[in-house]
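Overview (structure and organization)
Listed below, chain by chain, are the residues.
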Amino acid sequence: MLVFSLLLFRYRWYTLFILFWAALNSYSRIYMGVHYPGDILGGLILGSLIGWFVYWLYKKVSARFSPAGEAIYPLSKNQDFSVASVQTIIITGILTIVVAYISSVLLLDLM
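Residues numbered from 1 in each chain as written. Predicted model: local features only at pLDDT ≥ 70, side-chain atom pairs only at ≥ 80, totals over all residues. Heavy atoms only, no water.

1. Structural notes on the overall build of the protein chain
The cut-off we apply is this: Secondary structure elements follow DSSP: runs of H or I of four or more residues count as helices, runs of E of two or more count as strands, with numbering from the N terminus. Whether two residues are in contact is decided by their heavy atoms, any of which lying within 4.5 Å being enough. Values of accessible area rely on a 1.4 Å probe in the Shrake-Rupley scheme; residue burial ignores everything except the protein chains shown.
If you tally the helices and strands in the protein chain, you get four helices and zero strands. Listed N to C, the secondary structure of the protein chain is α-α-α-α in terms of helices and strands. Once local pairs closer than 6 in sequence are excluded, the contacts in the protein chain between residues at least 24 apart make up 52%. Carbon and sulfur atoms form 71% of the exposed surface of the protein chain, whose accessible area is close to 8200 Å².

2. Considering the environment of L95
Here is the rule we go by: Residue exposure (1.4 Å probe, protein chains only): buried if accessible area is under 20% of the type maximum, exposed if over 50%, otherwise partly exposed.
As for its placement among the helices and strands, L95 is situated in helix α4 (residues 83-110). The class of L95 is partly exposed, set by a relative accessible area of 26%. Sequence spacing of L95 and V54 is 41 residues, and the spatial spacing of their C-alpha atoms is 7.5 Å. If we ignore the near neighbours within four places in the chain, the residues touching L95 are L57 and V61.

3. Some details on the layout of surface pockets
Stated precisely, the cut-off is as follows: We place a 1 Å grid over just the protein atoms. Points where a 1.4 Å probe fits but has no way out form a cavity, open points with protein on both sides within 12 Å along at least 5 of 7 lines form a pocket, and any residue with an atom within 4 Å of a point lines it. Grid points are joined across faces, edges and corners, and a volume is the space filled by probe spheres set on the points. Residues are grouped as follows: Ala, Val, Leu, Ile, Met, Phe, Trp, Tyr, Cys and Pro are nonpolar; Asp, Glu, Lys and Arg are charged; every other residue, Gly included, is polar.
If you add up the space inside the largest pocket, you get close to 630 Å³. L2, S26, G43, L44 and G47 are the residues nearest the centre of the largest pocket, which is lined by 24 residues in total. Listing elements by their share of the lining of the largest pocket, those giving two or more residues are α1 (2-8), α2 (12-31) and α3 (37-65). With 10 residues, the top contributor of residues to the lining of the largest pocket is α3. Along the lines of polarity and charge, the residues of the lining of the largest pocket split into 14 nonpolar, eight polar and two charged.

4. Describing the packing of aromatic side chains
Quick note on the threshold: Any two rings among Phe, Tyr and Trp, with Trp reduced to its six-membered ring, count as a pair given centres within 6.5 Å; such a pair is stacked if its planes are under 30 degrees apart, edge-to-face if over 60, and tilted if neither.
Enumeration over the complete set of coordinates arrives at five aromatic pairs. A network of ring pairs unites the aromatic residues F4, Y55 and Y58 as a single cluster.

5. Observations regarding α2
Given 3.6 residues per helical turn, the α-helix brings residues three or four places apart onto the same face. To keep it simple, the criterion reads: By definition here, a helix of n residues has an expected span of 1.5 Å times n minus one.
Over its 20 residues, α2 runs 28 Å from end to end, which matches the ideal 28 Å to within 8%, given 1.5 Å per residue. Count one or two residues on from α2 and you reach G33, which has phi positive near 80 degrees.

6. What about α3?
In a regular helix each residue adds 1.5 Å, so 29 residues correspond to 42 Å; α3 covers 41 Å between its end C-alpha atoms and thus fits that length. Burial in α3 covers these residues: S48, I50, G51, V54, Y55, L57, Y58, V61 and S62.

From the geometry alone we can't say anything about function, so treat these as descriptive.
Structure (structure tokens):
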């Protein structure tokens, strides 16, 4: 989700905040003994790949279903949300959940 949101919302303060939050959250998992560093690294790699894939999927869905000129990738400060763009974001969110579910089921089957 981090990579997808960073690619979608390209604001410096948002990027700094979300990266700091992710690093702090990852460090807390290691500090509390809940995960090993390898778990965090594996999650970082898998999550980044899924985020890139979902952003690519979002661009395809947005280009296909948004009216001309309303595709929002990446969001800029001068662009307002329209009904079509919000619908595209909702569809992409649903696709994100489906991709995350399918990847988790496939990974559990491998174990």
